[in-house]
Amino acid sequence: AISSSRRAIAFVAATAILGTLFYQLRRRAGGCNPAPMCRIWSCSKPLAAQLEDEWPSWPPVSRNGIPRDNLPGWSAEVRWRSLHRQQAAAAAAAAPQTRLVFLGDSITEGWLRSGFSGTAPSIPQPVNEQLWHDAFGLWSPLNLAIGGDRVQDLGWRLQRGGLLARALRPTIFAVMVGTNDLGAGESWRVVADELVLVMEQLHAARPAATLLLQAILPRGGDAWLGGRRLRTPWWDDAETNSHYHAVTTLNGRLAAYAWKRPWVRWVDCGDRFLAPGYAPADQAASATPDGDLMLAEPLGAPHARAHQVKRNASSAAGPGGRHLQPHLMYDLLHLTPEGYTRWAECLRPAIAEAFAWNANRTRRQ
């Protein structure tokens with residue numbers, strides 16, 4: 001009887017072990033989608049297993065492993081998945097001379113292509129790409145940005161999506177993300193906390209790299225008039241721009257964070273896109289409707305002039321009267337080639353300085 005009992009216990013134990021092994025093998029073969037936390041097997045996603053204990057916990061993601069509640073439609077999801085797969089493959093094949101990697105959203109992706117909406121294809125931007133190579137080609141850069149990404153999207157792609165492959169070991173990561181979060185109404189505090197977490201995670205995975213954290217660029221204020229969304233060019237206060245307070249407060253929080261981390265550098269290029277006073281030519285240039293989005297002029301030049309009169313009464317053409325320029329940001333958010341030129345003029349010396357900073361930090365260690 002005792003022998004039979006022992007045989008039964010051994011059989012049950014062996015069955016449990018085999019069942020567990022079979023389940024893990026099936027999960028590995030099927031990928032990580034059913035279970036974002038792959039604790040044992042890598043599921044073809046390098047960070048899932050190798051860095052499980054190093055990465056802080058991340059906010060819950062959607063069931064299919066893609067935190068994309070902001071996707072405007074099926075076509076955008078197809079584009080996002082396709083680009084993510086391509087970029088993960090590029091990261092896995094990164095050459096040792098790839099010393100600079102850009103992470104971000106459509107503004108960063110726009111160096112190479114546009115196509116950030118649910119219906120637009122990915123349209124190559126050869127002028128912007130030439131600017132990109134002229135400014136950063138020395139460092140063999142890799143652009144891993146996708147239009148529409150929020151901070152959590154980037155976090156998932158790094159932590160669970162295989163974007164941070166073993167071969168990808170640049171000297172500098174240039175990061176700018178968060179404007180889509182604010183545009184969707186997210187609190188600046190949440191965006192700051194999530195972005196700090198991404199920076200900490202990135203440093204945990206690549207401690208030798210320097211992270212160049214960029215300020216969120218100024219953007220037009222969103223308003224509604226007659227059922228249509230309008231984007232107004234005024235900056236500098238919450239009364240005339242719905243994003244002013246969130247963007248400036250978030251940037252202040254991120255700048256303070258950067259100063260406390262020796263492996264983070266901070267750069268703010270926002271002033272490059274602002275001009276003082278009311279420029280009628282700029283306002284007229286922004287009057288073209290873009291789908292459901294209309295810029296500046298439909299809100300009415302009298303409104304703009306009345307606002308400027310009020311501004312001039314207190315400080316003539318002072319910093320309080322600045323506005324975004326449509327010849328730099330065609331929809332007061334995304335950049336024109338001239339806008340990318342301005343950005344490159346600001347960013348290139350900051351990147352060069354970050355390389356020098358990294359070299360000094362490495363020598364001191």
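Conventions adopted
Residues numbered from 1 in each chain as written. Predicted model: local features only at pLDDT ≥ 70, side-chain atom pairs only at ≥ 80, totals over all residues. Heavy atoms only, no water. Core = buried A, V, L, I, M, F, W, Y, C linked by side-chain atoms within 4.5 Å. Buried < 20%, exposed > 50% of the residue type's maximum accessible area, 1.4 Å probe, protein only. Contact = heavy atoms within 4.5 Å. Salt bridge = Lys/Arg side-chain N within 4 Å of Asp/Glu carboxyl O. Helix = DSSP H or I, 4+ residues; strand = E, 2+ residues; numbered from the N terminus. Pairing = 2+ DSSP bridges. Phe/Tyr/Trp six-rings, centres within 6.5 Å; stacked < 30°, edge-to-face > 60°. pLDDT = per-residue confidence, 0-100. Polar contact = N/O pair within 3.5 Å; in protein donor to acceptor, adjacent residues only side chain to side chain. Lys, Arg positive; Asp, Glu negative; His and termini not counted. Expected span 1.5 Å × (residues − 1).

Q: Just to check I follow, could you spell out the nonpolar core for this structure?
A: If you look at the biggest cluster of nonpolar residues, it comprises 72 residues, and the most contacted ones within it are Leu103, Phe136, Phe173 and Trp343. With residues near it in sequence (within four places) discarded, Phe136 still touches Leu100, Phe102, Trp111, Pro141, Ala344, Leu347, Arg348 and Ile351.

Q: Can you help me understand the pattern of salt bridges in this one?
A: When charged atoms on two side chains of opposite charge get close, those side chains can pair. Taken as a whole and judged by the stated rule, the model has eleven salt bridges. Notably, a salt bridge pairs Glu200 with Arg261, separated by 2.9 Å at the nearest N-O pair. With Glu200 in helix H8 (residues 188–205) and Arg261 in the loop between helix H9 (244–259) and strand E9 (264–267), this pair connects stretches of sequence that are 61 residues apart. In this structure, Asp222 and Arg231 form a salt bridge, with 3.0 Å as the shortest nitrogen-oxygen distance. According to the relative accessible area criterion, Arg231 is buried, its value standing at 4%. Residues participating in the shared-partner salt-bridge network are Arg219, Asp222, Arg231 and Asp331.

Q: Can you help me understand the sheet that holds strand E1 (residues 100–104) in this one?
A: The strands making up a sheet are joined through hydrogen bonds of the backbone, oriented either antiparallel or parallel. Read across the sheet, five strands follow the order E4-E1-E5-E6-E9 without closing on themselves; strand pairing throughout is parallel. A strand with exactly one partner marks an edge of an open sheet, and here the two such strands are strand E4 (142–143) and E9. By the bridge criterion, four bridges tie strand E6 (residues 210–214) to E9 in an arrangement that is parallel. By the bridge assignment, Gln214 is partnered in E9 with Val267.

Q: What exactly am I supposed to notice about the packing of aromatic side chains here?
A: To describe a pair of aromatic rings, one takes the distance between the centres and the angle between the planes. Here the structure, examined in full by the defined rule, presents eleven aromatic pairs. With a centroid separation of 4.7 Å and an interplanar angle of 55°, the aromatic rings of Trp111 and Tyr340 are classed as tilted. Of the two residues, Trp111 is situated in the loop between helix H4 (106–109) and strand E2 (113–114) and Tyr340 in helix H12 (residues 337–364); the sequence distance between them amounts to 229 residues. Neither residue differs from the other here; Trp111 and Tyr340 are each classed as buried. Seen in terms of ring centroids, Tyr340 and Trp343 are 6.0 Å apart; in terms of plane orientation they differ by 40°. Their pairing is tilted. Taken as a pair, Tyr340 and Trp343 lie in helix H12 at a separation of three residues, close to a single helical turn. Judged by its relative accessible area of 0%, Trp343 falls in the buried class. Feature note: the residues Phe102, Trp111, Trp132, Phe136, Tyr340 and Trp343 constitute an aromatic cluster, connected by ring pairs.

Q: What is the right way to look at the confidence of the model for the protein in this model?
A: For residues with low pLDDT, the predicted coordinates do not support detailed interpretation. Looking at the protein as a whole, the pLDDT averages 75, with 68% of positions reaching at least 70. In this model, residues 279–294 is a region of pLDDT below 50 whose contacts with residues beyond four sequence positions or in other chains number 30 contacts. In the model, residues 296–320 has pLDDT below 50 throughout and makes 36 contacts with residues more than four positions away in sequence or in other chains.

Q: Any chance you could explain the side chain of Asp153 here in plain terms?
A: Its place among the elements puts Asp153 in helix H6 (residues 151–159). Taking the relative accessible area as the measure of exposure, Asp153 reaches 1% and is therefore buried. Polar contacts involving the side chain of Asp153 include one to the main-chain amide nitrogen of Arg150, which spans 2.7 Å.

Q: How should I be thinking about the side chain of Asp181 in this particular structure?
A: Here Asp181 shows up in helix H7 (residues 179–183). No salt bridge is formed by the buried Asp181; its nearest oppositely charged neighbour, Arg150, is found at 5.3 Å. Residues in contact with Asp181, not counting those within four places in the same chain, are Arg150, Val151, Glu186, Val191 and Glu194.

Q: Looking at this structure, I do not really get H8. What am I missing?
A: A turn of α-helix holds 3.6 residues, and therefore any two residues three or four places apart point the same way. If you check H8, its first and last C-alpha atoms are 26 Å apart, about what 18 residues at 1.5 Å a residue would give, namely 26 Å. Sitting at the amino-terminal end of H8 is Ser187, which places a side-chain oxygen 3.1 Å from the backbone nitrogen of Arg189.

Q: What is the right way to look at the environment of Ala215 in this model?
A: As for its placement among the helices and strands, Ala215 is situated in the loop between E6 and strand E7 (221–225). Residue class for Ala215 comes out buried when judged on its relative accessible area of 2%. Spatially, the C-alpha atom of Ala215 lies 7.3 Å from that of Gly270, the residues being 55 residues apart in sequence. Excluding its chain neighbours within four sequence positions, the residues that come into contact with Ala215 are Met176, Asn251, Trp266, Val267 and Asp268.

Q: I tried to follow the environment of Leu144 on my own but got confused; where do I start?
A: Note on placement: Leu144 falls in the loop between E4 and H6. With relative accessibility at 1%, the residue Leu144 sits in the buried group. Contacts of Leu144, omitting those with residues within four sequence positions, involve Gln87, Val101, Phe102, Leu103, Arg157, Leu163 and Leu168.

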